[in-house]
Amino acid sequence: MSRLKVELPGLSLKNPIMPASGCFGFGKEYASFYDLSELGAIAIKATTAESRFGNATPRVAETTAGMLNAIGLQNPGIEGVMANELPWLERYDVPIVANVAGTEIDDYVATTARLSTAPNVHAIELNISCPNVKQGGIAFGTIPEVAAQLTKEVKAVSEVPVYVKLSPNVADIVEIARAVEQAGADGLSMINTLLGSRIDIRRRKPILSNLYGGLSGPAIKPVAIRMIHQVSQAVTIPIIGMGGIQTAEDVVEFMLAGASAVAIGTANFTDPYICPTLIEELPSLLDELEVNEIHELIGGSWKE
Ligand code: ORO
């Protein structure tokens, strides 16, 4: 349905809905529920230079209106993703957003150089916001100069546009957004998870073996809306918005805040059909709101 189309650097989306990185693996489990070609795009699990098992279990905990995770970037590594995951996804007519993580700048650069040559990878999502690893991840996303240097080096080797995935665990997200835009980022993805923890009161021990984890789900939606609204007024590059989206109304809210497309994360775990359901529900909501084409919503709320 053409009224749901959105055009972004590298991504010609039939609709603005994509599963968020880390909440959809590489698509195989969800392919038994519906045709993945229905999706606007798929953001695959973060890929690192080497394969990783991730953190010890337990690494997921439920919270009020959300969940905590401390997966620790489990993935088959660049060789496994290039040899198995991306070729398998080629059977679907859907652009892939490849999330890239690493320990050093050189890891990010080497992984991006390979991933961005895969025929179905239309964009790189630079993960400078994973809260669950001791080295790399969020360490690149909290200091503007470091985030900018990494963006510049990754941009220099990438064959496709680069979206930088920002962390909400900073005092001033606008400063980081501006720094990566100046360094050449083609877009932003926001927000990653908020650092949190839970304690088992009987054992007096943390529930997650990692002690801390990333909070996602509807609990963080107002934080995401606020940050997207602030950042969208400070930069000119497009934003893929995420953080607790569960309904078609939430999608509209994110787009009005300034997102050009959205990613659905935690909701996939409670309802594996959530993405196709939202795609199906959006047209009647647009009718109700008297909006012809969905892109007309982008940034359509108040300005400061
Ligand atoms: N968890 C998150 O909440 N965000 C990331 O980017 C990565 C992870 C993880 O692998 O632990």
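Residues numbered from 1 in each chain as written. Predicted model: local features only at pLDDT ≥ 70, side-chain atom pairs only at ≥ 80, totals over all residues. Heavy atoms only, no water.

Undergrad: Would you explain a nonpolar patch on the surface in this entry?
TA: A surface patch of nonpolar side chains, about 300 Å² in accessible area, is lined by Leu-195, Leu-211 and Tyr-212. Relative to the helices and strands, Tyr-212 resides in the loop between strand E13 (205-206) and strand E14 (213-216). For Tyr-212, a relative accessible area of 49% translates into the label partly exposed. (Patch = residues over 30% accessible without salt bridge, like charges linked within 9 Å, V, L, I, M, F, W, Y side chains within 5 Å. Areas by Shrake-Rupley, 256 points an atom, 1.4 Å probe, with all protein chains shown as cover. Salt bridge = Lys/Arg side-chain N within 4 Å of Asp/Glu carboxyl O. Helix = DSSP H or I, 4+ residues; strand = E, 2+ residues; numbered from the N terminus. Buried < 20%, exposed > 50% of the residue type's maximum accessible area, 1.4 Å probe, protein only.)

Undergrad: Mind showing me how you'd approach the UniProt feature "active site" (unreviewed entry) in the protein chain here?
TA: UniProt feature "active site" (unreviewed entry): in the numbering of this structure it lies at Cys-130. Looking at the element boundaries, Cys-130 is found in the loop between strand E8 (121-127) and helix H3 (144-157). For Cys-130, the residues in contact, after removing those within four places along its chain, are Leu-73, Gly-137, Ile-138 and Asn-192. (UniProt positions renumbered as here; feature names shortened; annotations may be inferred. Contact = heavy atoms within 4.5 Å.)

Undergrad: Is there a simple way to think about the site of the ligand in this case?
TA: Lys-45, Asn-69, Ala-70, Ile-71, Gly-72, Leu-73, Asn-127, Cys-130, Pro-131, Asn-132, Asn-192 and Thr-193 make up every residue found near the ligand. When the ligand sits alone it has 290 Å² of accessible area, and the protein chains cover 91% of it. Taken together, the residues of the shell around the ligand sort by class into five nonpolar, six polar and one charged. (Near = heavy atom within 4 Å. Nonpolar A, V, L, I, M, F, W, Y, C, P; charged D, E, K, R; others polar.)

Undergrad: Is there a simple way to think about the packing of helix H6 (residues 248-257) against helix H8 (residues 274-289) in this case?
TA: Packed helices, taken two at a time, are described by the angle their axes make and the gap between the axes. Direction vectors running N to C along H6 and H8 enclose 65°, while the axes themselves pass 9 Å from each other. Comparing their axes, H8 and H6 come out roughly perpendicular. Of the two elements, H6 crosses H8, and the hand of that crossing is right-handed. Residues Ala-248, Glu-249, Val-251 and Val-252 of H6 touch H8, and the partners they reach there are Leu-278, Glu-281, Leu-282, Leu-285 and Leu-289. Across the contact of H6 with H8, the residue classes break down as seven nonpolar, no polar and two charged. (Axes fitted to C-alpha atoms, helices over the stretch in contact; angles between N-to-C directions. Parallel < 35°, antiparallel > 145°, perpendicular 65-115°, else oblique. Left-handed = near helix turned anticlockwise from the far one by under 90°.)

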